[in-house]
Amino acid sequence: MENRKIMVSGGTGYIGSWVVKELLEKGYKVRLTSRNTSNKTKFEHLLQIAEANKGALEIWEADLLKEGSFDEAAKGCDAIMHIASPFTLRFKDPQKELINPALKGTRNVLQAANKSGTVKKVVLTSSVAAVHGDAIDMQEKGLDAFTEDHWNNTSSIKHQPYSYSKVLAEKEAWRIYEAQKEWKLVVINPSFVIGPSLTKMSDSESLSLMKDLLGGKYATGMPELWFGFVDVRDVAKAHLLALENEYVSGRHILADRSMTMLDYAQIIREKYGNQYKLPKKESPKWLISLIGPLFGMKRGFVKRNVGYPIKLNASKSIKELGLNYTDIEKSAVDMVEQMKEFGMIVK
Ligand code: NDP
């Protein structure tokens, strides 16, 4: 791996930091891009990991929204991991804050791959949000589980705009890929990612939700919301497997299992008892519909998501990528321990 140079966008973030760690441990040369290289707190942890490992780390400035911004960074690289994209449900302007960076960012990064003359593979971090929209979609489409064959066709800029940004970005990636012959595209579609963070600086919803849970935001009750869950370290491993295995192609759903948010809280309660004001019950749907808007949950979202189980078929990630899943119990506990250590929990 020593001479292989990989450009990584979004390597400063929650998932990206674990991907960069894996690459550095394996001896790759990592060219990390960040919007603002003067803010060293964003990548100090990665410089320390680079010091302790055989790989090498370069930090380059590039912005998803600026055309041509990744062109120089991509030159001379063998592959690109395009991870960068905002993952937040706390936004004011979905076009500006979610869709533009996701869609224009994908276009800019993949055009940089086209211009590089050296890139042979792109690994794209999409999401199960590009596979399905609302939880009720499974029932409405008559499915037992979502697979890589499915696309989210129910999200829009007004309804689930984060999911919509991921659909637009992944579709754009496949369009640009089809129009060239120089590089292969492998897509990773993680479900909700949990597990310890290497950085305090991420705005990822994975960390925000855990902070809210432990901080007591849902102490009086939780909506019955179902998600697939996957460990952040497994997500990083999947990116490396996608990079290194020349036979893998297409999309890859990542999920250890599906469960409700209350199940997630329950795993933490089993280990920590009453140390945190975790929810003990689910609130009725009518109540969530009434007060949901105060928690940032629109009524249309509540109607089509609360109370509908979802199932994700992640067998391709096991059979073709060769991924072994970490138990979600371990992921949740490791995450709480890391947040305690970093002083990230406000009770
Ligand atoms: P983070 O917020 O921790 O990471 C996002 C990264 O994107 C940051 O490192 C940031 O780098 C970069 N970025 C560049 N431009 C922008 C922008 N305009 N707004 C926000 N971030 C920007 O999130 P995650 O690590 O959770 O997410 C990484 C990827 O994984 C995203 O593509 C997300 O959609 C996807 N994903 C995440 C899941 C999860 O549960 N966490 C589930 C499924 C998919 P910098 O600030 O240095 O420029």
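Everything below is about the structure printed above this text.
Notes on the structure follow. (Residues numbered from 1 in each chain as written. Predicted model: local features only at pLDDT ≥ 70, side-chain atom pairs only at ≥ 80, totals over all residues. Heavy atoms only, no water.)

The sheet built from seven strands is open, its strands ordered 3-2-1-4-5-6-9 with parallel pairing. The two strands at the open ends of the sheet, each matched to only one other strand, are strand 3 (56-61) and strand 9 (250-254). Between one strand axis and the next, the sheet turns by 20° as a mean value, whatever way the strands run. As paired elements, strand 5 (residues 121-125) and strand 6 (residues 184-190) share five bridges and run parallel to each other. Residue valine 123 lies in a different strand from strand 6, and its bridge partner there is valine 186. Packing of helix 1 (residues 14-25) onto the sheet brings it into contact with strand 1 (5-9), strand 2 (29-34), strand 3 and strand 4 (79-82), and relative to strand 2 it is tilted by some 160°. Sheet contacts for helix 4 (residues 94-116): strand 1, strand 4 and strand 5; angle to strand 4, the most-contacted strand, approximately 175°. (Pairing = 2+ DSSP bridges. Helix = DSSP H or I, 4+ residues; strand = E, 2+ residues; numbered from the N terminus. Axes fitted to C-alpha atoms, helices over the stretch in contact; angles between N-to-C directions. Contact = heavy atoms within 4.5 Å.)

Below, the discussion takes up the site of the ligand. The local shell around the ligand holds 27 residues, among which Thr12, Ser34, Lys42, Tyr162 and Ser202 are the closest. Within the backbone of serine 85, an N or O atom sits 3.3 Å from an oxygen atom of the ligand. Coverage of the ligand by the protein chains reaches 93% of its 870 Å² of free accessible surface. For the shell around the ligand, the elements supplying multiple residues, two or more each, are helix 1, helix 6 (161-178) and strand 7 (192-194). Of the residues belonging to the shell around the ligand, the class tally is 12 nonpolar, 12 polar and three charged. (Near = heavy atom within 4 Å. Polar contact = N/O pair within 3.5 Å; in protein donor to acceptor, adjacent residues only side chain to side chain. Areas by Shrake-Rupley, 256 points an atom, 1.4 Å probe, with all protein chains shown as cover. Nonpolar A, V, L, I, M, F, W, Y, C, P; charged D, E, K, R; others polar.)

Attention now goes to the side chain of glutamate 205. Looking at the secondary structure, you find glutamate 205 in helix 7 (residues 205-215). Ignoring sequence-local partners within four residues, the contact set of glutamate 205 consists of Phe87, Thr88, Leu89, Arg90 and Phe192.

Turning next to the pattern of salt bridges. All chains considered together, the criterion is met by 22 salt bridges. A salt bridge links arginine 31 to glutamate 58; the shortest N-O distance between them is 2.7 Å. You can see arginine 31 sitting in strand 2 and its partner glutamate 58 sitting in strand 3, a full 27 residues away along the chain. Judged by its relative accessible area of 7%, arginine 31 falls in the buried class. Taking the shortest distance from any N to any O, the salt bridge between arginine 304 and glutamate 140 comes out at 3.0 Å. (Salt bridge = Lys/Arg side-chain N within 4 Å of Asp/Glu carboxyl O. Buried < 20%, exposed > 50% of the residue type's maximum accessible area, 1.4 Å probe, protein only.)

On to the sheet that holds strand 7, then. Judged by pairing direction, the sheet is mixed, and its three strands sit side by side in the order 7-8-10 without closing on themselves. Taken across any chain shown, the strands that pair with only one partner, and hence form the sheet edges, are strand 7 and strand 10 (257-260). Neighbour-to-neighbour, the strand axes of the sheet open up by a mean angle of 45°, direction not taken into account. Pairing of strand 8 (residues 226-231) with strand 10, which is carried by four bridges, proceeds in the antiparallel orientation. Its bridge partner lying in strand 10, tryptophan 226 is registered against threonine 260. Sheet strands touched by helix 9 (residues 261-272): strand 7, strand 8 and strand 10. Its angle to strand 10, the strand with the most contacts, is close to 90°.

Membership of the largest hydrophobic core comes to 81 residues, with the highest contact counts inside it found for Leu23, Val30, Met81, Leu214, Leu254, Tyr264 and Ile268. Setting aside residues no more than four positions away along its own chain, leucine 254 makes contact with Ile188, Asn189, Pro190, Ser191, Val230, Val235, Ala238, Ser317, Leu321, Leu323 and Tyr325. The next biggest cluster of nonpolar side chains, apart from the first, holds 22 residues, and it includes Ala62, Ala73, Val122 and Leu124. (Core = buried A, V, L, I, M, F, W, Y, C linked by side-chain atoms within 4.5 Å.)

With that settled, consider the packing of helix 7 against helix 13 (residues 328-341). For the pair helix 7 and helix 13, the least separation of the axes is 11 Å and the interaxial angle reads 80°. By the angle class used here, helix 7 and helix 13 are roughly perpendicular. Packed against helix 7, whose contacting residues are Ser206, Leu207, Met210, Lys211 and Leu214, the element helix 13 presents Ala332, Met335, Val336 and Met339 at the interface. Classifying every residue of the contact of helix 7 with helix 13 by side-chain character gives seven nonpolar, one polar and one charged. (Parallel < 35°, antiparallel > 145°, perpendicular 65-115°, else oblique.)

Before going further, it helps to examine the environment of glycine 16. Secondary-structure assignment places glycine 16 in helix 1. On a C-alpha basis, the gap between glycine 16 and isoleucine 83 in space is 6.5 Å, while along the polypeptide they are 67 residues apart. In contact with glycine 16, other than residues within four places in its own chain, are Gly10, Gly11 and Ile83.

It is worth spelling out helix 1 at this point. Spanning 12 residues, helix 1 covers 17 Å between terminal C-alpha atoms, matching the ideal 16 Å at 1.5 Å per step. Burial within helix 1 is extensive, with 10 of its 12 residues counted as buried. Tyr14, Ile15, Gly16, Ser17, Trp18, Val19, Val20, Glu22, Leu23 and Leu24 are the residues of helix 1 that are buried. Phi turns positive, to about 90°, at glycine 27, one or two residues after helix 1. (Expected span 1.5 Å × (residues − 1).)

A few words now on the packing of aromatic side chains. The tally for this structure, following the rule as stated, stands at eight aromatic pairs. For the pair phenylalanine 87 and phenylalanine 192, a centre-to-centre distance of 6.4 Å together with 70° between the ring planes defines the contact as edge-to-face. Separated by 105 residues along the polypeptide, phenylalanine 87 in the loop between strand 4 and helix 4 and phenylalanine 192 in strand 7 bring together distant segments of the chain. By relative accessible area, phenylalanine 192 is classed as buried at 12%. Relative to phenylalanine 227, the ring of phenylalanine 192 lies with its centre 6.0 Å away and its plane at 35°, an arrangement referred to as tilted. One end of the pair, phenylalanine 192, is in strand 7; the other, phenylalanine 227, is in strand 8, and 35 residues separate them in sequence. Here the aromatic cluster, defined as three or more aromatic residues joined through ring pairs, consists of Phe87, Tyr162, Phe192, Phe227, Phe229 and Tyr264. (Phe/Tyr/Trp six-rings, centres within 6.5 Å; stacked < 30°, edge-to-face > 60°.)

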